[in-house]
Structure formats: structure tokens, C-alpha cells
Amino acid sequence: MSATTDGPEGPLPDTGASTVAAPPTTSAPETATTPSAVTAVAAASGPVTGPDTSAVAATSEAPVREPVIGTSAVVAAPKAPGPEAYAGSSAVHRAPEPETDARPSAVAAAPPAPRPVRRPEVRPPESPAPSSRLLARAALLTACLSVAAALLGLVRDQSLARLFGAGRDTDAFLVAWTVPEFAATLLIEDGLAFALIPAFSAALARRARGAAGDPVRSLVAGTLPRLLPAFAAAGVLLAVAAPWFVAVLAPGLPDPDLAVDCTRLTASCVLSFGLAGYCSAALRAHRRFLAPAAIYIVHNVAIITAMYAFGGRWGVRSAAFGVAAGGCLMVAIQLPALVAELRRGRAGRAEPRPAAPAPPLDVPLLAAVLLFALCRQSQVLIERFLASGLPAGAISHLNYAQKVAQIPMTLSMMLSTVTFPVVARALADGDTERARGRVERDVAVAARLVLLGTAAVVACAPQLIGLLFQRGAFTAEDTAATAGVMRVYALGLLAQTLTGVLVRSYFSAGRATWYPVAAMAAGIAATWGIGACTAGSRGAVGIAAANAAGITLTAALLLAGTARRGVPLRAGAVLRGLGRPLAAAGGATVAGALAAGVPSPAPAGFAAGAATVTVVFLLLGGAPGARALAPALRPVRSLPQRLAHALTTR
């Protein structure tokens, strides 16, 4: 604060300096105040506390050093008795005694160099919330690679049908094919991913908050050494128990020995798919989608190559060998990317910290997700068990129909596959509202996409199967039987998609929950009961109808239970949002079937039917996911302008 002092000629003006001066006497020279000097005198009785200043000066010829708390320098203080102290805004002052020459000496100790202050490291978030544009690009990339993998899967099935037909040999191989089908669901797509992606997302969140050590590396150290021996032991056990496996799965199989040989070859997938699924979950949590989306491409390439290279000598066993080789390639294309991410995370640490203890493996969560995936995939076991007593070729017809019908479902799931780590990270950060909005948008986009595909599959089934498979040993009768089964399968595609999207909301929090297992068990019971009643009279078509009914029951139970057990979705709003796409799919199916039914070759009929379905569906239901996919298409739309700009600026 400022002060005024009375002099011989009246009040002295305020100089702006925080000083208080005593009136001068006639026997002493007048005290000169210098505004540039900061003067203060500490009390003789002890330390004086005051605000932080740059220097404190003394006005004494016989100084005694006293500590001044709160200042940056220690200064001299006189020992005059009975002083009166005044507190200024920036210093503490003492009036000089009249007998003493009070001319200030302005002697101040220089402040010491400031000591460096170690502040805790503030790490920015390692991975901020992704934008809609980033998610759309990742979904588009994943969808493109998935389309390529699906096309190669069709080539694989076409090669199998062309080389070995739809009879005893293919039935034997398809029993062994159950192993990679189960391994893919349990260890890559649904099971292991539901447990590991939330765990890696939580570890990344702890790393972003500056947790001790590297939580991601600790998670790898705590889980991978425990899982690999379990995968290897399960693969060896399956290879040894192959005869019992075939006898239980397909008791009426005409050639069980061939199925046993193929099963022993495909048993290696338990280990290779387990490691591939671990790498895929870790990379997706790091928002790396290229390598995980490419694994099925290399797998199908290996199977196709093996069939054409060794099919003449080994028969259908060559396909089983290709399955085993493809599993190894799935691991090989992902390991470099995962190792690079782990090294990058370690290099990003500013200073070494004590390593956090490796987290224990969440056995209840792992058991819940694996049991759910096992129950879901057991639909295939039920189908093949019931079809093994039907005429030869029934298992093959079911397999081909399922593979083609599930292509729309696979494509519609791409967005939720990309956003599952986003939902898990939102829940790890405690942002339930963001997680709910993300899941509801995923449901809306996936439902529209799969309904468009369902309409095309139902309307153009004979033309599509004939175009894809009717050549070589695959006859026109096989085409008609497979098309009939596929049309019934397609009735459950919406429920299959909803089940895949909704179950992620239950496991994205990284906690064990048994409700999805119960919902899936109810659907499996319905599939078994309906299939057992209809297989004898309706054959493979009755089995497909049982599959559609069972999965529809599961999807309804999962949607009803999200309010209390998973991400709290608004079930009413979700159902209302499905009304218009369902009506559009119905109208598009009728129009597409009429267009495809016009007598014409299979390629022309399929093209006419698919085009009609697409136009009618878009007119009635709107573009599926246009808002979600628009950000990803902006760079494509702007490509001509960028090329023109690059050419004109050269």
C-alpha cells in the first residue's frame, strides 16, 4: 500500500515507493529517500515474516544477520531498542533513531539463483477421443479388406465345390472345418476380443494418466505367458481326441476316417488362432486396424493355394493343410505391428518408472466371453449333428448357404468392430453417455446395412448361388437346394447382426457378466428344439429355420437386458428406428425378386435383381449409414480437385 508523511513544509507527496520515513531532527541531516532503493529493517527481537520480495536492505552500521522468512535474501538488521515497525505492501520498514545518520545505505544482498523445481510429469492423453472421420475411415478400411477376404472365401468355397463337389469328401472336411470356425469365433472375433480389448483400453487409459511403469507391457506380461500354454494344450488334446470328436459331432458321417485326418490337421488352429486373436485385440485397442483386417485374406490364400497345389495327391486333406498353414500366416502378419506398438509405448515414457505388477488374468470375464462364444458357435454343431442323418450333401448345402448369407452380416459389423475399442475406452474413462450414443449409432447403421443385404440375398438367391458355385461337380440340384436353405437363413441375419453389436455393450466395461450367456443358451435351446422337430420333415430348410428362430430370441433378450446390465441403451428408440428400414427391406425384396425372376442367364438376373433391391431400398428407407460414412468419403470426393491443384501448381 502507499503512504504519505508530514515534513517541515507539509505533507510529502507519495512517491510510489513502499516506505515509511520518520520526521528528521535539526541535529541530523535530512534523510533522503530514493525511490529506486527498497529499504527495510528487520526487528531485533527475532525473524520477521513478510511477503516475497527481491531484496531487503538494512540501515545500520553494526548489522546482525537475522533470517527473514518469505524473502529471497537474508539482510542486516540493527539492534536499536524499542523500534516501531511498519508493514508496507512489499517490505517491512523501521524508523531510524534521531541521533543516527539515517541516510540509507541501500545495501542489499543479491538473491541466490533460483533452485530448479521438479514438477510432476504431465503426460498428454496418449490417444484422444477419435473423431467421426477417423472412425469412418477405419471402418471403410476394415470393410474393404473384409470384402476382399469374403471374396477370397467365396473363391475358396468355389474351389472346394469344383474340386471335390458336394458329397462325402466335402462333408468330411466340413466336419473338420468346425475347428477353425470355432477357433475364429472364440479366439479372434467374439470370445477373446471381448475380454482383451477392454483390458488393453483400460491399460492405455492408465498409461495416458501417467501410471507407474508401462501398464500395456505389464498386461502383456501378465496374460500372454498364461494363455499360450493353454492354447497349445487344447490343440494337442483336440488332435488326440479327434476320433471321439468326429463321432460325437457327426455320428452318421459316411467316411469318419477322412474327417479324423482333417481334424488333426486343423487342430493346430487352436494355437495359431489364439495368438492371432491376442495380437488382433491388442492392435485394435491401439487403433491399428490394417493388420487385423488382413488376417483372413492370407488365411484364404493359403487354403486356396494348398488345394490347387496338393489336391491331386492328398485330396480334400489338402484343404485341411491349408487351414493349418494359413493360421501361421495370420500370426506372422500381425506380430511386427504389435511389437512396434509396444516399443513405441516404451520409448514414449519421459523417464523410467518402477514397473507396475502384472495384472492377474480375469478368469471370470474370460470364462464368460468364451462360454458365450461357444454357445453362439454351437449353432453350427447343432446343424451338422442334425444334418448328418440326412442324405449326403446336406451339410455342404447348409455350409455354402451360410457362408453366402452371412456376407451382409459381416460387412454390417465392420463399424462396430472398429468402435468396440472406442466404447471400451469411454467406459474406462467413466463416460457412459458417450458409450451409449456410440452403440446406438452402431445399431442403426448395422441394421440398415444388413437389411439391404438380406433383401438382395432373398430376392436373388438362385441366381447368386448359380453364379458362384454351379460348375464342375456342383450341379443344378445343388444350386436349388442351397438357394432354398439360404433364403431361410437370411431371415435371421438382422438378429445375428444385433446380437453381435449388442453383446459388445455387455463386455466393453471389462467386467464378467453372465446374462449374455443365458440369453444365448435360450436361443440355442430354441434352435435345438425347433430343429429336432423340423429336420425330419423339412430337411436342411427346417434346420435353417431353427437357426433363424433361435438367434432372433437371443437378440431380443440382449436388447431387453441392456438397460440394467450393459451400456444403458434406449430399447424403445432402437426398435422405433428399425421400423422404416424393415419396411424398406420388405418392399425391396418383392421388387428385386420380380426383376431377378425374369428369364435370363444367372449373371444378368442377379445384376437386375440386386440393382432393383438397392434402388427401392434407398427410396423407401434412406441411404444406410450415409451420415456415418460421409466423413470417410470426403477425401475421395475431393480427389479430383486435389489432382487439379497439384497439376496447376507445378
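Worth saying up front: this structure is predicted, and the values here are computed from it rather than measured.

Peer 1: What am I meant to see in the packing of helix α2 (residues 168-176) against helix α7 (residues 256-266) here?
Peer 2: In helix packing, the relevant descriptors are the interaxial angle and the interaxial distance, both defined with respect to the helix axes. Orientation of α2 relative to α7, taken along the N-to-C sense of each, is 35°, at an axis distance of 8 Å. In terms of crossing hand, the pair formed by α2 and α7 is right-handed. Of α7, the residues touching α2 (which contributes Asp169, Ala172, Phe173, Val175 and Ala176) are Leu258, Ala259, Cys262, Thr263 and Thr266. Along the lines of polarity and charge, the residues of the contact of α2 with α7 split into seven nonpolar, two polar and one charged.

Peer 1: Can you help me understand the pattern of salt bridges in this one?
Peer 2: Pairing between side chains of opposite charge can happen when the charged atoms of each approach one another. The full count for this structure, using the stated rule, is nine salt bridges. Salt-bridge contacts for Glu181 lead to Arg384; the nearest nitrogen and oxygen are separated by 3.0 Å. Taken together, the residues Glu181 in helix α3 (residues 178-189) and Arg384 in helix α12 (residues 363-387) connect sequence positions 203 residues apart. Each member of the pair Glu181 and Arg384 is classed as buried. The residue Arg288 makes a salt bridge to Glu341 at a minimum N-O spacing of 2.6 Å. Of the two residues, Arg288 is situated in the loop between α8 (269-285) and α9 (290-314) and Glu341 in helix α11 (residues 335-347); the sequence distance between them amounts to 53 residues. Beyond isolated ion pairs, a larger network of salt bridges with shared partners links Glu181, Arg384 and Lys403.

Peer 1: Any chance you could explain the confidence of the model for the protein here in plain terms?
Peer 2: Parts of the model with low pLDDT should not have their predicted coordinates read in detail. Looking at the protein as a whole, the pLDDT averages 75, with 72% of positions reaching at least 70. Model confidence for the protein, summarised as mean pLDDT per element, is weakest for strand β3 (residues 57-58) at 36 and strongest for helix α10 (residues 317-332) at 95. In this model, residues 625-637 is a region of pLDDT below 50 whose contacts with residues beyond four sequence positions or in other chains number 15 contacts.

Peer 1: What should I look at first to understand the nonpolar core in this one?
Peer 2: Generally speaking, nonpolar side chains in soluble globular proteins are found buried as a group. Core analysis: the biggest nonpolar cluster contains 144 residues, and Leu160, Phe173, Phe200, Phe273, Val404, Phe469 and Met486 have the highest contact counts within it. Phe200 has contacts with Val216, Leu219, Val220, Tyr278, Ala282 and Ala285, leaving out every residue within four places of it along the chain. Residues Ala138, Ala139, Phe289 and Val418 belong to the second largest nonpolar core, which totals six residues.

Peer 1: It is not clear to me how the packing of helix α13 (residues 394-412) against helix α18 (residues 493-507) should be interpreted in this structure. Could you clarify?
Peer 2: For the pair α13 and α18, the least separation of the axes is 10 Å and the interaxial angle reads 30°. In terms of orientation, α13 and α18 fall into the roughly parallel class. Crossing handedness for the pair α13 and α18: right-handed. For the pair formed by α13 and α18, the contact residues are Ala405, Gln406, Met409 and Ser412 on the first element and Leu493, Gln496 and Thr497 on the second. A breakdown of the residues in the contact of α13 with α18 according to their chemical character gives three nonpolar, four polar and no charged.

Peer 1: In this structure, what is going on with the environment of Ala166? I would like to understand it.
Peer 2: Structurally, Ala166 can be placed in the loop between α1 (132-164) and α2. For the pair Ala166 and Thr475, spaced 309 residues apart in the sequence, the C-alpha separation amounts to 8.8 Å. In this structure, Ala166 is in contact with Gly393, Ser396, Tyr400, Phe474 and Asp478, ignoring residues within four places of it in sequence.

The rules we used
- Residues numbered from 1 in each chain as written.
- Predicted model: local features only at pLDDT ≥ 70, side-chain atom pairs only at ≥ 80, totals over all residues.
- Heavy atoms only, no water.
- Axes fitted to C-alpha atoms, helices over the stretch in contact; angles between N-to-C directions.
- Helix = DSSP H or I, 4+ residues; strand = E, 2+ residues; numbered from the N terminus.
- Left-handed = near helix turned anticlockwise from the far one by under 90°.
- Contact = heavy atoms within 4.5 Å.
- Nonpolar A, V, L, I, M, F, W, Y, C, P; charged D, E, K, R; others polar.
- Salt bridge = Lys/Arg side-chain N within 4 Å of Asp/Glu carboxyl O.
- Buried < 20%, exposed > 50% of the residue type's maximum accessible area, 1.4 Å probe, protein only.
- pLDDT = per-residue confidence, 0-100.
- Core = buried A, V, L, I, M, F, W, Y, C linked by side-chain atoms within 4.5 Å.
- Parallel < 35°, antiparallel > 145°, perpendicular 65-115°, else oblique.

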